[in-house]
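# Understanding the architecture of this molecule
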Amino acid sequence: MSQKLYNSYTQYIKSTFSERVQKISIDAGFTCPNRDGKKARGGCTYCNNDSFSPFYCSSSKSIYQQLNEGIDFFYKKYPNQHYLAYFQSYSNTYDSLHVLKKKYEEALSHPKVIGLVIGTRPDCVDEKLMEYLSKLSEKYYLVLEFGIESTLDSTLERINRAHNYKETIDAFELAKKYGIKTGGHIILGLPGESREQMLEHAKKIAELPLNFLKLHQLQILRGTKMASDYMENKSDYKLFNLDEYVEFVAHFMSYLKKDIVLERFTSEAPESLLIAPQWGGFKNFQIVHLIENEMKKKELYQGKFLT
Ligand code: SF4
């Protein structure tokens, strides 16, 4: 019998729910302590929230309206499917518990919504919030998603994350204590990181109670601090071309703990925002296909090199 290549999110959704379930992104009007001065100002150097917000996503609309517009988009093709409200923009646990409850519960009041995915920073969670989310997760599907980005403090400092890796570990442990499912993001190709150091990320996150992982190739986006740094110090950046990325990710997967579910392999910023790397308009699903083919060709599979 052939070895399964990796734990895919599509497969996970199919086996977890007895129906089609789709995420709908929401901009709930939060900000971020790395922007408003609580931790730092200016944000992470690569951050441009416009790069991943769908057209219906705007904090000027109510959460309910954003959900309706998102659901309308899918309705013709999948009239019966249910949805997870994806609190995606900025840090979606960064407010008083009272405000957070109001926003999450507005999303859950939509008859088509069966759960929440909440994106946030590792330094924006505490016991009280976890206690509440834990109760919510008894009734609804719930995932707390953290930006890990790198496991190296030197990188986190360089990209102005304004938190260290120990805070990431603590946030995941806190979620585990309350029985909350977790997701994480890692960016591959951050300035100053060698191939070996990036492979170390896979080994280090194996120690986290992490359920879902999204991988992103570093993208330099217009309007970010990283864009100016890139223009001035191009030799500092070793951005992946598509072939290199496919080869690297196939290898990275072999060091990744077997039970982590792979939710994404790439980012897909709008053309209008993307400075580099340019991959000739390849779509997400095409790149997934290339990675799968590379894994098959090299006889790699998730966790192959873990002892
Ligand atoms: S990436 Fe997240 S944490 Fe960093 S500035 Fe943007 S919203 Fe804030």
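Below or above, wherever it landed, is the structure these notes cover. (Residues numbered from 1 in each chain as written. Predicted model: local features only at pLDDT ≥ 70, side-chain atom pairs only at ≥ 80, totals over all residues. Heavy atoms only, no water.)

## Comments concerning the overall build of the chain
When helices and strands are counted, the chain shows ten helices and nine strands. For a compact globule of 307 residues, the expected C-alpha radius of gyration is about 19 Å, and the chain comes in at 19 Å, within 12% of that figure. Considering only C-alpha atoms, the chain reaches an extent of 50 × 45 × 40 Å along its principal axes. Taking all 307 residues of the chain together, the buried fraction comes to 54%. In the chain, the share of contacts with a sequence separation of at least 24, taken over all contacts with a separation of at least 6, comes to 82%. With the model as given, the accessible surface of the chain reaches about 14500 Å², and the carbon-plus-sulfur share is 50%. Across the chain, 41 positive and 38 negative side-chain charges occur, with their mean positions spaced 3 Å apart. (Helix = DSSP H or I, 4+ residues; strand = E, 2+ residues; numbered from the N terminus. Rg over C-alpha atoms; globule rule 2.2 N^0.38 Å. Buried < 20%, exposed > 50% of the residue type's maximum accessible area, 1.4 Å probe, protein only. Contact = heavy atoms within 4.5 Å. Areas by Shrake-Rupley, 256 points an atom, 1.4 Å probe, with all protein chains shown as cover. Lys, Arg positive; Asp, Glu negative; His and termini not counted. Charge placed at Lys NZ, Arg CZ, Asp CG, Glu CD.)

## Topic: the packing of aromatic side chains
Counted under the stated rule, the structure contains 16 aromatic pairs. Note on phenylalanine 87 and tyrosine 104: the rings are 5.3 Å apart at their centroids and 85° apart in plane angle, and the pair reads as edge-to-face. With phenylalanine 87 in strand β2 (residues 82–87) and tyrosine 104 in helix α3 (residues 97–108), this pair connects stretches of sequence that are 17 residues apart. Under the relative-accessibility criterion, tyrosine 104 is labelled buried at 0%. (Phe/Tyr/Trp six-rings, centres within 6.5 Å; stacked < 30°, edge-to-face > 60°.)

## Focus on α3
Between its terminal C-alpha atoms α3 stretches 16 Å, which fits the 16 Å expected from twelve residues at 1.5 Å a residue. Leu100, Lys103, Tyr104, Ala107 and Leu108 are the residues of α3 that are buried. For α3, the arc enclosing every buried residue in end-on projection is 140°, short of the 170-degree limit, so these residues lie on one face. Exposed positions of α3 whose direction lies more than 90 degrees from the buried face are His98 and Lys102. (Expected span 1.5 Å × (residues − 1). Arc of directions from axis to C-beta.)

## Some points on the site of the ligand
Neighbouring the ligand are ten residues; Cys32, Gly43, Cys44, Cys47 and Arg121 lie closest to it. Residues of the shell around the ligand, tallied by class, amount to five nonpolar, two polar and three charged. (Near = heavy atom within 4 Å. Nonpolar A, V, L, I, M, F, W, Y, C, P; charged D, E, K, R; others polar.)

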